[in-house]
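Given next are the chains, with one letter for each unit.
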Amino acid sequence: MYIVFEGIDGAGKSTQILQTKEWLEENGYEVETMVEPTDSPIGKLIRKTLQRKDATSDGIQKTLGLLFAADRMLIMDELTDDKKIILSDRSFISSLAYQQPAEWIYEINKYAKKPDLVVLLDLDVKKSVLRSNQEDEFENEEFLTEVRSNYLEIVKDFNYKIIDAGNGVNKVSSDIKKAIAPYVGLCADCIL
Ligand code: TYD
């Protein structure tokens, strides 16, 4: 099972992944977590590129599209173990939301593993900008407004759950557990 957590910067993906992992492990599942961009040399190059002043320009966005796709291919073989639940902080869905055009992004990611479930942590852009460290050029209101609306459209092509990430950490966590439970054979109504 490959469950991906998506959402604009500052939506709380990493905190929620840890809480979800703990809950699944308590219920006897073997869980692995991963993060995109990875810590490979390509991932490092991506992080550097994200800090460029022109990071939202068309040329750099296309460059990033290619780098993200390549970085993702490096972890492809780790996603084949069906005994484990893999929780991923971002996936090729991020590329569809952040980079353009969609047909090209689909094409260069055609070998990327498709998620069994997308958990979209949806957050108001103003809150996102307040929460984020704003170290990347992406983390501005105009760009993230577009990314947020892209996400809300893209997820419709997958199994997905939209979670209101503007609530407190515990409420968000229990909403996520309720959303995932039926996919992993756990009782959703038993979650407080
Ligand atoms: P990340 O380090 O996860 O940022 P944060 O911790 O703030 O969520 O991701 C770095 C940035 O990369 C983030 O702004 C989203 C962007 N990104 C893309 O544009 N395309 C992609 O395919 C991926 C995986 C991330």
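Computed from a prediction, not measured in an experiment: that's the story for all the values here.

K.L.:
Could you clarify how one ought to interpret the sheet that holds strand β1 (residues 2–6) in this entry?
P.N.:
Adjacent strands of a sheet pair through backbone hydrogen bonds, lying either parallel or antiparallel. Strands sit in the order β2-β3-β1-β4-β5 across an open sheet of five strands; the sheet is parallel. Edge strands, defined here as strands with exactly one partner in the open sheet, are β2 (31–35) and β5 (160–164). Sheet twist, expressed as the average angle between the axes of neighbouring strands with direction ignored, equals 20°. When β2 meets strand β3 (residues 85–89), the two strands line up parallel, connected through five bridges. Opposite valine 31, over in β3, you have isoleucine 85 as the bridge partner. Docked against the sheet, helix α1 (residues 13–26) engages β1, β2, β3 and β4 (117–122), running at close to 170° with respect to β3.

K.L.:
I keep staring at helix α3 (residues 58–73) and nothing clicks. Help me out?
P.N.:
Because each turn of an α-helix spans 3.6 residues, side chains separated by three or four positions in sequence point in the same direction. Under the 1.5 Å per step criterion, the end-to-end length of α3 is 23 Å for 16 residues, consistent within 8% with the ideal 22 Å. All buried positions along α3 are accounted for by Ile60, Gln61, Leu64, Gly65, Leu67, Phe68, Ala69, Asp71 and Arg72. In this fold, the buried residues of α3 make contact with α2 (41–50), α4 (92–98), α5 (102–108) and α7 (141–154).

Rules and cut-offs
All residue numbers refer to positions counted from 1 along the written sequence of the respective chain. Reporting of local features is limited, given that this is a predicted model, to residues whose pLDDT is at least 70; pairs of side-chain atoms are given and counted only at 80 or more, and all residues count toward the totals for whole chains, interfaces and linings. Side-chain calculation: all heavy atoms of the structure are included, whereas hydrogens and water are not. A pair of strands is treated as paired once DSSP finds two or more bridges between them. A run of H or I in DSSP becomes a helix once it reaches four residues, and a run of E becomes a strand once it reaches two; helices and strands are each numbered from the N terminus. Axis definition: a line fit to C-alpha positions, over the contact stretch in the case of helices; interaxial angles, taken between N-to-C directions, run 0 to 180 degrees. Contacts were defined at the residue level, with two residues in contact if any of their heavy atoms lie within 4.5 Å. Here the expected length of a helix is defined as 1.5 Å per residue gap, with one fewer gap than residues. Only protein chains enter the accessibility calculation, which uses a 1.4 Å probe; a residue whose area is less than 20% of its type maximum is buried, one above 50% is exposed, and one in between is partly exposed.

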